[in-house]
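Reading the structure
For reference, the chains in residue letters:
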Amino acid sequence: MTTLSPATADLDQLADTYNEQGYVLVKGLLTKEEAAEFRARSHDLIARLDRGEDDPTWASAAEAAMGQATSLQDLHDAQFYDAAFTRLLTDPRFTDVAAAVLGTPNVQLHHTKMFVKPPANGSPFPPHQDHPFFPHTHHRVAAAIFHFDDAPEEKGCVRIAPGSHKAGPREHDPEGSYHLPDFPTEELQPMEAEAGDVLFFTYTTVHSSGVNVSDEARTTWLVQFRDPADPPLTDQHTHSLGQGLILAGSDPTGRAGR
């Protein structure tokens, strides 16, 4: 597992690692105190905004859960309900790394989603790329997972297949949400993280996560971002609030997410 600290690694080094491995885990991007505050805000938002919607667990996750009944909580667009998340989206500690891994000073929001994996039975995700959910022309699309509490392997941490992005987009099984049922699980490495760490990876990097079997929830915030000069190939994921918001730099195309 490749980990780098903002204090010891310059942005070029972060970008080199990302380009070679398809991911980089940045240690301590947030302080422990900040992470704890965001964890509390996350759980408060989900408690207040729970609309009784269906559990977002993928049907294709059943095999990864080995038949165990699991559950998951999520919330789209947290930045529209709490200004602290809006500020985090434009925090230079985040946007400087985001720009470095994209290879452009311009960073545009695609969407955000908060996840809480409940203790004992928090749902897994099977191996997949993010590409089939929102394909783009030049593949300059990435994810950042903010860890608001510790994510050891027993809490169902993210797993990454280093270098898998180099093969480009793969054919996915769409049944039960896009996934790769035949991907070798031994290639997936656990990305154990601490509160305050942020995992960056490309949307063509194969990743998954396990079941949370611990006695504590696992709380993360997913931010998908892109180069505004990389046009989407489809309109299948245009519903997120704030999509097209410029987080750093400018939009040289003037499309504003269209």
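Report follows, based on the coordinates. (Residues numbered from 1 in each chain as written. Predicted model: local features only at pLDDT ≥ 70, side-chain atom pairs only at ≥ 80, totals over all residues. Heavy atoms only, no water.)

Within soluble globular proteins, side chains that are nonpolar generally end up buried alongside one another. Counting 38 residues, the largest nonpolar core has Phe94, Phe146, Phe200, Trp221 and Phe225 as the members making the most contacts within it. The greatest single-element share of this core, amounting to 6 residues, is contributed by helix α4 (residues 92-102). Counting residues in each nonpolar core, the second largest holds 16 residues, with Leu72, Ala151, Met191 and Leu199 among its members. (Core = buried A, V, L, I, M, F, W, Y, C linked by side-chain atoms within 4.5 Å. Buried < 20%, exposed > 50% of the residue type's maximum accessible area, 1.4 Å probe, protein only. Helix = DSSP H or I, 4+ residues; strand = E, 2+ residues; numbered from the N terminus.)

A separate point is empty space enclosed by the protein. Counting across every chain of the model gives 2 cavities of 30 Å³ or more. Here the largest cavity defines a volume of roughly 40 Å³. Every residue lining the largest cavity is listed: His110, Phe134, Arg226, Pro232, Thr234, Asp235, Gln236, His237, Thr238 and Gln243. Here the residues of the lining of the largest cavity sort into 2 nonpolar, 6 polar and 2 charged. (1 Å grid on protein atoms, 1.4 Å probe; cavity = no way out; pocket = protein on both sides within 12 Å on 5 of 7 lines; lining within 4 Å. Points joined across faces, edges and corners; volume = space filled by probe spheres on them. Nonpolar A, V, L, I, M, F, W, Y, C, P; charged D, E, K, R; others polar.)

The buried count for α4 comes to 8 of 11 residues, which makes it a mostly enclosed element. Turning to α4, its buried residues number three or more, namely Phe94, Thr95, Val97, Ala98, Ala99, Ala100, Val101 and Leu102. Remark: Gly103 follows α4 within two positions and exhibits a positive phi of approximately 80 degrees.

This part covers unusual backbone geometry. The phi dihedral of Ala120 falls on the positive side, at around 75 degrees, and the residue is not glycine. Position of Ala120 relative to the elements: it lies in the loop between β4 (107-117) and β5 (125-128). Even without glycine at this site, His139 takes up a positive phi of about 65 degrees. In this structure, His139 sits in the loop between β5 and β6 (141-147). Among the residues examined, His139 registers a relative accessible area of 34% and is labelled partly exposed.

Moving on, we get to the pairing of strand β9 (residues 198-202). Counting buried positions over the 5 residues of β9 gives 5, a clear majority of the element. Here β9 shows no split at all, with Val198, Phe200 and Thr202 on one side and Leu199 and Phe201 on the other all buried. Across 4 bridges, strand β2 (residues 23-26) lies against β9 in antiparallel orientation. Considered in β9, the bridge of Leu25 is made with Leu199. Bridge analysis of β6 against β9 gives 5 bridges, and the strand direction is antiparallel. The partner of Ala143 across the bridge, within β9, is Phe201. (Pairing = 2+ DSSP bridges.)

Right, let's talk about the sheet that holds strand β10 (residues 207-209) for a bit. On the basis of which strands lie adjacent, the open sheet formed by 4 strands has the order β5-β10-β7-β8 and antiparallel pairing. Bordering the open sheet on either side are β5 and β8 (189-190), each of which pairs with just one other strand. Two strands pair when backbone bridges link them, and strand β7 (residues 158-160) and β8 are joined in this way by 2 bridges, in the antiparallel orientation. Bridge pairing in β8 places Arg159 opposite Pro190.

Moving on: the packing of helix α1 (residues 11-21) against α4. Closest axis-to-axis distance for the α1/α4 pair is 8 Å, and the angle between their directions is 50 degrees. What the angle tells us is that α1 and α4 run oblique. Remark: the crossing between α1 and α4 carries right-handed chirality. From α1, Leu11, Leu14, Ala15, Tyr18 and Asn19 reach across to α4, where they touch Asp96, Val97, Ala100 and Val101. (Axes fitted to C-alpha atoms, helices over the stretch in contact; angles between N-to-C directions. Parallel < 35°, antiparallel > 145°, perpendicular 65-115°, else oblique. Left-handed = near helix turned anticlockwise from the far one by under 90°. Contact = heavy atoms within 4.5 Å.)

We now examine helix α2 (residues 32-49). Residues lying three or four places apart along an α-helix face the same way, a consequence of the helix completing one turn every 3.6 residues. In this model α2 runs 26 Å from its N-terminal to its C-terminal C-alpha over 18 residues, within 8% of the 26 Å that 1.5 Å per residue would give. Taken together, the buried positions of α2 are Ala35, Phe38, Ser42, Leu45, Ile46 and Leu49. End-on, the buried residues of α2 take up no more than an arc of 90 degrees, which puts them together on one face. Looking at α2, the residues exposed on the side facing more than 90 degrees away from the buried face are Glu33, Ala47 and Arg48. Residues of α2 that are buried make contact with β3 (73-76), α3 (83-89), β4, β6 and β11 (218-226). (Expected span 1.5 Å × (residues − 1). Arc of directions from axis to C-beta.)

Purely geometric stuff here, so don't read any function into it on its own.
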